[in-house]
Amino acid sequence: MQQIFSNTTFTVNQLIEKIDTGQLGLPELQRPFIWKDTKVRDLFDSMMRGYPIGYFMLWECPEMNKKKTIGVDVHSYDTPKEVIIDGQQRLTSLYAVMKGKKIITSRFEEKPIIISYCPLQNKFEVGYSATKKDPEWIYNISDLYTSTNTFKYIGDFIENLNQYRKSKGDELTDQEQGIIAEQINAVLNLRSHTLSVFDIKSNAEEEDVSEIFVRVNSGGVSLKQNDFILTLLSLYWDEGRQLIEEFSKESTRYTKDKITSYNQITTVTAQDIIRVVMAYAFDRARLKYGYKLLRGADFDKRGAVDEELRIQRFETLESKLPDVLDVHTWHEFLKAIMNAGYLSGELILSGNALFYTYAFYLIAKHRFKASDNENMHLTSLWFFYASLVSLYTGSFESTVENHLNSIKELSSLGEYKEFIFSRVKERLTNDYFDITLVGSEGLAVSGRGNNAWNAYVASLNIMQTKILFSKSNLLVSKLFEVGTDGNRKSLEKHHLFPKAYLKSLGYPDSKINQMANYALIDWKDNMDILDEAPSSYYPIICEGRTEEEILRMEKENALPHGWENMDYDEFLIERRKLMAAKIKQAYEILKGNAQ
């Protein structure tokens, strides 16, 4: 069997030099640093004590003409020869501290890692005001590592500390001065600390690399396919990875006076964008094949790597990624999701459903030239359907790939519409609404919520339903808006048959918390509802309302008339039927708009 890796050792300084020359790619220098500073402190402490700090894993890069350099400043190497795939945070820590470089926080802000050191105590600490003011401490060991004259640095430190001691009526002993010099030199010599390295050859497949990774890391963490794809982007088109991560970063926070990817539906990750662009640009849902594709695999020749194919595919990626990251297109797509009644990320249980629907939106817009209005209604219908039936769960990659293969054969917008309608109609039959949806695969479950419940809430939004029991005539949809609730959710689930009442009758929580026993109401109204039987509190709520208003309220919120006097089990059965009918009604509206 061909050897795909070797065991070797490097000193810290050798790896740092590889980064500086560009021989070793360390993409995490430009990524959010997830370690706490205390872990960096502990890393230096372990090295100082001579403890091992774990393996590092390097992967030899396949040759490729069209690639851009990562790392810092000016390099001797035009392109990286290796990339680190295990030990990024440790190596980033060592590089940042020893070179005095800033890291990027989870909030995408630059900051230095400040580690303090007390030579006489041989102790590391995260730098803070006390270590900064105390002459016994080197406040920032980066200053030591970046000093051009370490002999003078040590001398100045000893002299400054001695002057401080004298001001306190004391002075450093010769022994203490010797210890200080010895310990500071020991810190400097950490650059010669030996590191164990797995050096994986370029001919290794990602499955082999992932398997090595898992076996070396006893914690069971595995590399994912998007990790490999992002690594390829870092190596060959780092600008593309930066664009993806900037889009992702901007989705996490509101920016005044600038339209960004920020929205109230979802935050975006790099993996989400990778899934979208693979589906949109290459008709691929399996990220495993996405990685092979970008690496230049020729699928007609048993995956043999072809450099020309790599170049072509990166050119395709460069041409298609701007479509995915266009913020105007992104927000038009999100309007379609909201048009389907999904006004909040709380209603969306599957990120895959959202982002694969986005890929379909892009295909309709750019490949089939659908107008914004046509595309909105088609997308609303598809997302409502996909979310309701949990389309993108389980073996979803094969489902998506089958869809993409079918769409690839289409040549017109009319054919694309027929694809959408036929898939939806095939699943959302009368039997689905009358049997499946009211059963254990739909609404006959307990818990905080599922896709069937969320589709019911989306249906209330589509049909502009007023809040149950409220006298304000506010719509359910109004309470999903940002800023209407201060620090507390405006919208809460209310047990129609109160929890305490059902417990008194001996019902278990699994029966009490059935979806059909929930209704959305304004929390101010919820505070006023007692833990009594519906037959007691409902007449009080209905005081001042006409019979017509009561019937309309019940109909809008899927309540069977006379529900307050029903047996609880009978109530659950009847309400599930009405909730399913409400979902079907919303579906018919979306389907009619899309036709």
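Residues numbered from 1 in each chain as written. Predicted model: local features only at pLDDT ≥ 70, side-chain atom pairs only at ≥ 80, totals over all residues. Heavy atoms only, no water.

Pulling in residues and values, what's your account of the overall build of the protein?
Each helix and strand counted, the protein has 26 helices and 13 strands in total. A total of 595 residues make up the protein; the buried ones form 52% of that total. At a minimum sequence separation of 6, the contacts of the protein that also span at least 24 residues come to 72%. A total of about 27700 Å² of accessible surface is found on the protein, and carbon and sulfur atoms cover 46% of it. (Helix = DSSP H or I, 4+ residues; strand = E, 2+ residues; numbered from the N terminus. Buried < 20%, exposed > 50% of the residue type's maximum accessible area, 1.4 Å probe, protein only. Contact = heavy atoms within 4.5 Å. Areas by Shrake-Rupley, 256 points an atom, 1.4 Å probe, with all protein chains shown as cover.)

Describe the confidence of the model for the protein, and please don't skip the residues or the numbers.
Mean pLDDT over the protein works out to 88, with 89% of the residues at or above the 70 mark. In this model, residues 64-74 is a region of pLDDT below 50 whose contacts with residues beyond four sequence positions or in other chains number 40 contacts. This stretch, residues 484-488, has a pLDDT under 50; its non-local contacts, to residues over four places away or in other chains, come to six contacts. (pLDDT = per-residue confidence, 0-100.)

Explain the sheet that holds strand 9 (residues 194-200) residue by residue, including any values.
Pairing is mixed across the open sheet formed by five strands, whose spatial order is 1-9-3-4-2. Because the sheet does not close on itself, it has two edges, and the strands there are strand 1 (5-11) and strand 2 (24-25). Two elements, strand 3 (residues 56-60) and strand 9, share four bridges in a ladder whose sense is parallel. When the bridges of strand 9 are listed, tryptophan 59 appears paired with isoleucine 200. Along the sheet, helix 1 (residues 12-21) contacts strand 1, strand 2, strand 3, strand 4 (82-86) and strand 9; its crossing angle with strand 1, the most-contacted strand, is approximately 100°. (Pairing = 2+ DSSP bridges. Axes fitted to C-alpha atoms, helices over the stretch in contact; angles between N-to-C directions.)

So what's going on with the nonpolar core? Residues and values would help.
In this structure, Val324, Tyr342, Trp382, Phe384, Leu388, Tyr392 and Phe469 are the most contacted members of the largest nonpolar core, which totals 137 residues. For this core, the element with the highest residue contribution is helix 15 (residues 351-367), accounting for eleven residues. When sequence neighbours within four positions are dropped, the list of residues in contact with phenylalanine 384 reads Ala340, Tyr342, Ala455, Ala458, Ser459, Ile462, Ile583, Ala586, Tyr587 and Leu590. Within the second largest apolar cluster, 46 residues are counted, among which are Ile16, Phe124, Ile154 and Leu190. (Core = buried A, V, L, I, M, F, W, Y, C linked by side-chain atoms within 4.5 Å.)

Tell me about the environment of leucine 391, and please be specific about residues and values.
Relative to the assigned elements, leucine 391 resides in the loop between helix 16 (372-388) and helix 17 (396-408). A residue is classified by how much of its surface remains accessible, and leucine 391, at 10% relative accessible area, is buried. Between the C-alpha atom of leucine 391 and that of asparagine 352, which follows or precedes it by 39 residues, the distance is 9.2 Å. With near-sequence residues (within four places) excluded, leucine 391 lies in contact with Trp382, Tyr385, Ala386, Phe396, Thr399 and His403.

Now, about the packing of helix 15 against helix 16: what can you tell me, with residues and values included?
The description of two packed helices rests on the angle between their axes and on the distance between the axes. Look at helix 15 against helix 16: their axes get within 10 Å of each other, and the N-to-C directions meet at 150°. Between helix 15 and helix 16, the angle falls in the class roughly antiparallel. As for how helix 15 packs across helix 16, the hand of that crossing is right-handed. Contacts between helix 15 and helix 16 involve Ala353, Leu354, Thr357, Phe360, Tyr361, Ala364 and Lys365 from the first element and Asp372, Asn375, Met376, Thr379, Trp382, Phe383 and Ser387 from the second. Its residues assigned to classes, the contact of helix 15 with helix 16 comprises eight nonpolar, four polar and two charged. (Parallel < 35°, antiparallel > 145°, perpendicular 65-115°, else oblique. Left-handed = near helix turned anticlockwise from the far one by under 90°. Nonpolar A, V, L, I, M, F, W, Y, C, P; charged D, E, K, R; others polar.)

For helix 24 (residues 534-541), give the residues involved together with the corresponding values.
Inspection of helix 24 places Pro534, Tyr537, Tyr538 and Ile541 among the buried residues, and these make up the whole buried set. Across the axial projection of helix 24, the buried residues extend over an arc of 100°, all falling on one side. (Arc of directions from axis to C-beta.)

If you had to explain the pattern of salt bridges to someone new, which residues and values would you point to?
Summed over all chains, the structure comprises 24 salt bridges. Between glutamate 125 and arginine 41 there is a salt bridge, with the nearest N and O atoms lying 3.1 Å from each other. Of this pair, glutamate 125 sits in strand 8 (residues 123-126) while arginine 41 sits in helix 2 (residues 37-48), placing them 84 residues apart in sequence. Across the pair lysine 335 and glutamate 332 runs a salt bridge, and its minimum N-O distance is 3.0 Å. One end of the pair is lysine 335 and the other is glutamate 332, both in helix 14 (residues 327-339) and three residues apart, which spans about a single turn. Given the relative accessible area of 47%, lysine 335 is considered partly exposed. Through salt bridges with shared partners, one network takes in Arg41, Asp42 and Glu125. (Salt bridge = Lys/Arg side-chain N within 4 Å of Asp/Glu carboxyl O.)

Help me get a handle on the side chain of asparagine 375, residues and values and all.
With respect to the helices, strands and loops of the structure, asparagine 375 is situated in helix 16. Those residues within four positions of asparagine 375 in sequence are excluded, and the remaining contacts are Tyr361, Ala364, Lys365 and Ala370.

So what about the pairing of strand 4? Which residues, and what values?
Within strand 4, five of the five residues are buried, which leaves the element mostly enclosed by the surrounding structure. Pairing between strand 2 and strand 4: two bridges, direction parallel. If you follow leucine 24 over to strand 4, its bridge partner there is glutamate 82. Where strand 3 meets strand 4, four bridges bridge the pair, whose relative direction is antiparallel. Of the residues in strand 4, the one forming a bridge with tryptophan 59 is valine 83.

Talk me through the packing of aromatic side chains; I want residue IDs and the actual numbers.
Any pair of aromatic rings gets described here by the distance separating the centres and the angle formed by the planes. In this structure the tally under the stated criterion is 37 aromatic pairs. Geometrically, the ring pair formed by tyrosine 342 and phenylalanine 384 is edge-to-face, given 6.3 Å between the ring centres and 70° between the ring planes. Taken together, the positions of tyrosine 342 in the loop between helix 14 and helix 15 and phenylalanine 384 in helix 16 put the pair 42 residues apart, joining distant regions of the chain. Here the aromatic rings of tryptophan 453 and tyrosine 456 are separated by 5.6 Å at their centres, their planes lie at 45°, and the arrangement is tilted. Taken together, the positions of tryptophan 453 and tyrosine 456, both in helix 20 (residues 451-462) and three residues apart, correspond to about one turn of that helix. Take tyrosine 456: its relative accessible area is 2%, and that puts it in the buried class. Here the basic side chain of arginine 90 rests over the ring of phenylalanine 56, its NZ or CZ set 4.4 Å away from the ring centre. The ring of tyrosine 518 has lysine 493 sitting right over it, with the charged end atom 4.9 Å from the ring centre. (Phe/Tyr/Trp six-rings, centres within 6.5 Å; stacked < 30°, edge-to-face > 60°. Lys NZ or Arg CZ within 6 Å of the ring centre and 35° of its normal.)

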